[in-house]
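Residue-level structure breakdown
Listed here are the chains, written in short residue letters.
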Amino acid sequence: MAKMWSGRFSKETDAKMDDFHSSLSFDRRLYKEDIAGSRAHVRMLAKCGIITDQERDLILEGLKKIEKRLDEGALELPPQLEDIHMAVEHYLIQEIGEVGKKLHTARSRNDQVATDLRLYFKKTVLETAQLLVELCQVLLVRAKAETETLLPGYTHLQPAQPISLGHHLLAYYEMFSRDLGRLLDCLARADFSPLGSGALAGVTYPIDREMTAKELGFRAPAANSLDAVSDRDFLVEFLAAASLIMTHLSRLSEELVLWATPAFGFVELDDAYSTGSSIMPQKKNPDVPELVRGKTGRVFGSLIGLLTVLKGLPLAYNKDLQEDKEAFFDAADNLKASLSIFIPLLETMGFNRERMFAACAEGYLNATDVADYLAKKGLPFREAHRIVGEVVRQATFSGKKLEDLTLEEWQEFSDLFEADILQVVEIRACLEARQSYGGTAPRRVREAVQEAEERIRQIKEKLQDFLRR
Ligand code: ARG
């Protein structure tokens, strides 16, 4: 098969060469964006008098047929066709003959691929953002129902202070809502059309870049032709945002894996999202969070891979840039798959409130409250801390909880203890006491859920704005 650029060559490329440099196996997924870009381009060429209206109509008609056949999977895409841009043009010429050869007037594959990618990128970011919104909504629903549920809070994975399960879930909501912000930010920065930048320096025809930018739904044409064809910052920004989303999912995954062990027993994952063992009949394995935790690494890999591709590139286009696509597609696919499965996983998992409550009785979660009690009576906090440390040491020795101590026993450590200490050490009282803004008292958590619901509503509106454009 002769290449479209074969004019200056005296022989055909080697089959090994075709296989090596072809991107068709992975850029075929850009065909809709490629055809959309071509449509906008020929309409603009006709409007600017560069081709005739009749030529435009023939090309549009041909593109429609090619798109239909690609939709149906009825076109072969062998590596000799090089990439999706060449393939569409090849079939167009086959379909409508000579006039098809006018499509590439005032255009290069360099501005073409950059345009296709940005279109695909925008679609992907919006799909990802919508999944994140759904995930946030599930977290809010579950948090709202668990504002009063007691859970041991940990630092160093050692029991620290009692918290509300709702508060814990809202911590993840905060992470994912920042992630949403990051996605929308990078969407706004990428919303410029490279089309009309030509190979690198602009084109010699009287084109209208505003027109193609508008038709393709971009805010404006990209300002510098050299930058427009070689910039992949938007993909790096997406991969960075994706890496953080995966990091957040992975941290949550780690907790779910731990919480699902018999030792913790805080959650029971729904059977529909769990697996068994081929040898051990008793097993129920948390494959979803494990796989998500595992996939996180490959998304980081895509980010580092693309940054490395870019770091040594002179302006403008270099074939190295073809390596951008697999990194982006793989990360986006795995990110979306992870979010899609996490939504029903979180929706359906059961919380074992009794186990969580029982775990709050271990590990002296109320010790800080006793120190605070003494400090509020005028003892310097450091001194209070030391006294409570002694209480805990003795209690550990005699196998008692702080709730088990009598007033007389408390008073052996300090005469500042009065009868109300017996209520102060109740675990639920410790939860209620953390009334500071952003704290875990159920009243605060209910407020936080309300604020979060309002914020998610605003983000949804912003998403709708993007979708309308
Ligand atoms: N397949 C190429 C890519 O993905 C398209 C651009 C090719 N441009 C070129 N000058 N060879 O980057």
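This is a predicted model, so every value here is computed, not measured.

Observations concerning helix H3 (residues 31-47)
An ideal rise of 1.5 Å per residue puts 24 Å on 17 residues; H3 measures up with 24 Å between its terminal C-alpha atoms. Where burial is concerned, most of H3 is hidden: 12 out of the 17 residues are buried. Considered for burial, the residues of H3 that qualify are Tyr31, Glu33, Asp34, Ile35, Gly37, Ser38, Ala40, His41, Val42, Met44, Leu45 and Ala46. If you follow the buried residues of H3, they end up packed against helix H2 (24-27), helix H4 (53-71), helix H5 (84-96), helix H6 (109-145) and helix H8 (209-215).

Quick word on the state of the cysteines
In total, this model carries 0 disulfides according to the counting rule given. Its sulfur unpaired, Cys136 is 16 Å from the next cysteine sulfur, which belongs to Cys186. Cys430 provides the cysteine sulfur closest to Cys360, a residue in no disulfide bond, and the two sulfurs are 9.5 Å apart. On the accessibility criterion, Cys360 (2% relative accessible area) is buried.

Here's the deal with the site of the ligand
Every residue near the ligand is listed here: Ser23, Asp83, His85, Arg109, Asn110, Val113, Tyr317, Gln322 and Lys325. A distance of 3.1 Å separates a nitrogen atom of the ligand from a polar atom in the side chain of Ser23. Contacts to the ligand include Gln322, whose side-chain N or O atom sits 2.8 Å from a nitrogen atom. Protein contact buries 86% of the 340 Å² of open area that the ligand shows by itself. It is H6 that contributes the most residues to the shell around the ligand, 3 residues altogether. Here the residues of the shell around the ligand sort into 2 nonpolar, 4 polar and 3 charged.

Some remarks on the nonpolar core
Counting 101 residues, the largest nonpolar core has Phe121, Phe176, Phe238 and Phe342 as the members making the most contacts within it. Of the residues forming this core, the biggest block, 15 residues, is contributed by H6. When sequence neighbours within four positions are dropped, the list of residues in contact with Phe342 reads Leu135, Leu249, Leu252, Ser253, Leu256, Val288, Pro289 and Val292. In terms of nonpolar packing, the next biggest core, distinct from the first, is built from 18 residues, Tyr373, Leu374, Leu379 and Ala395 among them.

A look at the packing of H6 against helix H19 (residues 442-468)
Running from N to C, H6 and H19 point in directions that differ by 165 degrees, and their axes come no closer than 11 Å. Here H19 runs roughly antiparallel to H6, going by the angle between their axes. Of the two possible hands of crossing, H6 and H19 adopt the one that is left-handed. Taken together, the residues of H19 that come into contact with H6 (itself represented by Leu126, Ala129, Gln130, Val133, Cys136, Gln137, Leu140, Ala143 and Lys144) are Val449, Ala452, Glu453, Ile456, Ile459, Lys460, Leu463, Phe466 and Leu467. Residues that form the contact of H6 with H19 fall into these classes: 13 nonpolar, 2 polar and 3 charged.

Some thoughts on helix H7 (residues 165-189)
With 25 residues, H7 extends 37 Å between its outermost C-alpha atoms, agreeing within 8% with the 36 Å of an ideal straight helix rising 1.5 Å per residue. The residue sitting at the N-terminus of H7 and contributing the capping side-chain oxygen is Ser164; that oxygen lies 3.1 Å from the backbone nitrogen of Gly166.

A word on the packing of H7 against helix H10 (residues 233-259)
Between two packed helices, what matters for the description is the angle formed by their axes and the separation of those axes. Closest axis-to-axis distance for the H7/H10 pair is 9 Å, and the angle between their directions is 165 degrees. Between H7 and H10, the angle falls in the class roughly antiparallel. Seen from above, H7 lies across H10 with left-handed handedness. Residues Leu165, His168, Tyr172, Met175, Phe176, Asp179, Arg182, Leu183, Cys186 and Arg189 of H7 form the contact with H10, whose own contacting residues are Glu237, Phe238, Ala241, Leu244, Ile245, His248, Leu249, Arg251, Leu252, Glu255 and Trp259. A breakdown of the residues in the contact of H7 with H10 according to their chemical character gives 13 nonpolar, 2 polar and 6 charged.

Examining the environment of Ala429
For Ala429, the location among the structural elements is in helix H18 (residues 427-433). Sequence separation of Ala429 and Val229 is 200 residues, and the distance between their C-alpha atoms is 62 Å. Beyond its immediate stretch of four places on either side in the chain, Ala429 contacts Gln423 and Val424.

Details of a nonpolar patch on the surface
Judged by side-chain polarity, Leu200, Leu226 and Leu315 come together as a nonpolar surface patch covering roughly 270 Å² of accessible area. Mapped onto the secondary structure, Leu200 falls in the loop between strand E3 (192-193) and H8. Judged by relative accessible area, which is 40%, Leu200 ranks as partly exposed.

Structural notes on the pattern of salt bridges
Taken as a whole and judged by the stated rule, the model has 43 salt bridges. Residue Glu55 is joined to Lys102 by a salt bridge in which the shortest nitrogen-to-oxygen separation is 2.9 Å. Placement of Glu55 in helix H4 and of Lys102 in the loop between H5 and H6 is noted, with a sequence separation of 47 residues between them. Given a relative accessible area of 15%, Glu55 falls into the buried group. For Lys102, a relative accessible area of 36% corresponds to the partly exposed category. Arg189 is the salt-bridge partner of Glu237, the closest N and O atoms lying 2.7 Å from each other. Highlighted residues: Glu237 in helix H10 and Arg189 in helix H7, separated in sequence by 48 residues. Glu237 sits in the partly exposed class, given a relative accessible area of 25%. According to the relative accessible area criterion, Arg189 is exposed, its value standing at 52%. Taken together, the shared-partner salt bridges in this structure form one network comprising Lys32, Arg39, Glu67 and Asp71.

Scoring rules and cut-offs
- Residues numbered from 1 in each chain as written.
- Predicted model: local features only at pLDDT ≥ 70, side-chain atom pairs only at ≥ 80, totals over all residues.
- Heavy atoms only, no water.
- Helix = DSSP H or I, 4+ residues; strand = E, 2+ residues; numbered from the N terminus.
- Expected span 1.5 Å × (residues − 1).
- Buried < 20%, exposed > 50% of the residue type's maximum accessible area, 1.4 Å probe, protein only.
- Contact = heavy atoms within 4.5 Å.
- Disulfide = S-S within 2.5 Å.
- Near = heavy atom within 4 Å.
- Polar contact = N/O pair within 3.5 Å; in protein donor to acceptor, adjacent residues only side chain to side chain.
- Areas by Shrake-Rupley, 256 points an atom, 1.4 Å probe, with all protein chains shown as cover.
- Nonpolar A, V, L, I, M, F, W, Y, C, P; charged D, E, K, R; others polar.
- Core = buried A, V, L, I, M, F, W, Y, C linked by side-chain atoms within 4.5 Å.
- Axes fitted to C-alpha atoms, helices over the stretch in contact; angles between N-to-C directions.
- Parallel < 35°, antiparallel > 145°, perpendicular 65-115°, else oblique.
- Left-handed = near helix turned anticlockwise from the far one by under 90°.
- Patch = residues over 30% accessible without salt bridge, like charges linked within 9 Å, V, L, I, M, F, W, Y side chains within 5 Å.
- Salt bridge = Lys/Arg side-chain N within 4 Å of Asp/Glu carboxyl O.

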